[in-house]
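Examining the three-dimensional arrangement
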Amino acid sequence: MEATRCLREEHQVILRVLGCFEIALREAREADAVDLATFEKFVEFFRGFADRCHHCKEEDRLFPVLVSAGIPKEGGPIGCMLAEHEQARAYVASIAERLEPAAGGDAAAIQFVLDQGELYLDLLRAHIAKEDNILFNMADGVLDGPAVEGLARAYGEEQAAPEYCRNLERCRAVAGELADRYGVGAP
Ligand SMILES: [Fe+2]
Ligand SMILES: [Fe+2]
């Protein structure tokens, strides 16, 4: 359990913000308008926390250890998770790129941003479910004591870097602000 506990906890933070994002997308559809400051906050969290803190920890730390432990990369669950990280990045990049015209009232841009947002929401929820219910259970089954300790040490080192801490603090503040605003509790 230890090898994936930190990542499972981060999933809960991400799911909470995704709950907020679902409401924001629905409200934007109803109003046929995108609020720049609101969507910028979501983009900041998705890039800063979901990607930089979390996906990078999986890609740089956990997945290589799992490959060494015999879980296949290409054509297996890890390859699938990596492809989904790339797809998630592409959705967020698309949202960020068209945000200003959307906020300025461009109808095609509004449609595009909301469509990409919904695709991101569905992808990330399904992705997290696959990791929590399949890949992380496999990880907890195959990793032995030294591998688990090595991962804990690697996460600790990463989390001690000042730049990581600043980013994390900022993202946690954004997550808290969004949860309060949309009234979304822990999943
Ligand atoms: Fe992932
Ligand atoms: Fe994950």
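Our subject in this report is the structure included herewith.

Focus on the overall build of the protein
Each helix and strand in the protein was counted, giving six helices and zero strands. Against the 2.2 N^0.38 benchmark of 16 Å for 187 residues, the protein shows a C-alpha radius of gyration of 17 Å, consistent with a compact globule. Dimensions of the protein, computed from C-alpha atoms along their principal axes, come out at roughly 55 × 35 × 25 Å. Every one of the 187 residues in the protein was classed for burial, and the buried ones make up 29%. By sequence separation, contacts in the protein at least 24 residues apart represent 84% of the contacts at least 6 residues apart.

A closer look at the nonpolar core
In this structure, Ile14, Val17, Phe21, Phe45, Phe49 and Val113 are the most contacted members of the largest nonpolar core, which totals 30 residues. Of the residues forming this core, the biggest block, eight residues, is contributed by helix α1 (residues 2–31). Not counting chain neighbours up to four residues away, the residues in contact with Phe21 comprise Phe42, Gly117 and Leu121. Among the nonpolar cores identified, the runner-up in size contains 12 residues, and Leu66, Ile78, Phe136 and Leu151 belong to it.

With respect to unusual backbone geometry
Here Asp32, not a glycine, exhibits a phi torsion of approximately 55°, which is positive. Looking at where Asp32 falls in the secondary structure, it is placed in the loop between α1 and α2 (36–68).

Focus: the packing of α1 against helix α6 (residues 162–182)
The N-to-C vectors of α1 and α6 enclose an angle of 45°; their axes lie 9 Å apart at closest approach. Relative to α6, the element α1 is oriented oblique. By crossing handedness, the relation of α1 to α6 is classed as left-handed. Contacts from Val13, Arg16, Val17, Cys20 and Ile23 of α1 reach α6 at Ala175, Leu178, Ala179 and Tyr182.

Comments concerning the packing of α1 against helix α5 (residues 145–160)
Following both chains from N to C, one finds α1 and α5 inclined at 35°, their axes separated by 8 Å at the closest point. Contacts between α1 and α5 involve Glu2, Ala3 and Cys6 from the former and Val148, Leu151, Ala152 and Tyr155 from the latter. Among the residues making up the contact of α1 with α5, the classes are represented as six nonpolar, no polar and one charged.

Section: the environment of Glu157
Within the secondary structure, Glu157 sits in helix α5. Judged by the 11 C-beta atoms lying within 10 Å of it, Glu157 falls in the exposed class. Residues Glu157 and Lys57, spaced 100 residues apart in sequence, show a C-alpha to C-alpha distance of 11 Å.

A word on α6
With 21 residues, α6 should reach 30 Å at 1.5 Å per residue; the first-to-last C-alpha distance of 30 Å fits that figure. Along α6, the residues classified as buried are Cys171, Ala175 and Leu178. Within α6, the buried residues cover an arc of 65° as seen down the axis, which keeps them to one side. Away from the buried face of α6 by more than 90 degrees, exposed residues Pro162, Cys165, Arg166, Glu169, Ala173 and Asp180 are located. Buried residues along α6 sit in contact with α1 and α2.

Basis of the calculations
Residues numbered from 1 in each chain as written. Chains lettered and ligands numbered in written order. Predicted model: local features only at pLDDT ≥ 70, side-chain atom pairs only at ≥ 80, totals over all residues. Helix = DSSP H or I, 4+ residues; strand = E, 2+ residues; numbered from the N terminus. Rg over C-alpha atoms; globule rule 2.2 N^0.38 Å. Buried ≥ 20, exposed ≤ 12 C-beta atoms within 10 Å, placed from the backbone. Contact = placed C-beta atoms within 7 Å. Core = buried A, V, L, I, M, F, W, Y, C linked by C-beta atoms within 7 Å. Axes fitted to C-alpha atoms, helices over the stretch in contact; angles between N-to-C directions. Parallel < 35°, antiparallel > 145°, perpendicular 65-115°, else oblique. Left-handed = near helix turned anticlockwise from the far one by under 90°. Nonpolar A, V, L, I, M, F, W, Y, C, P; charged D, E, K, R; others polar. Expected span 1.5 Å × (residues − 1). Arc of directions from axis to C-beta.

Function-wise, these values are silent; they only describe arrangement.
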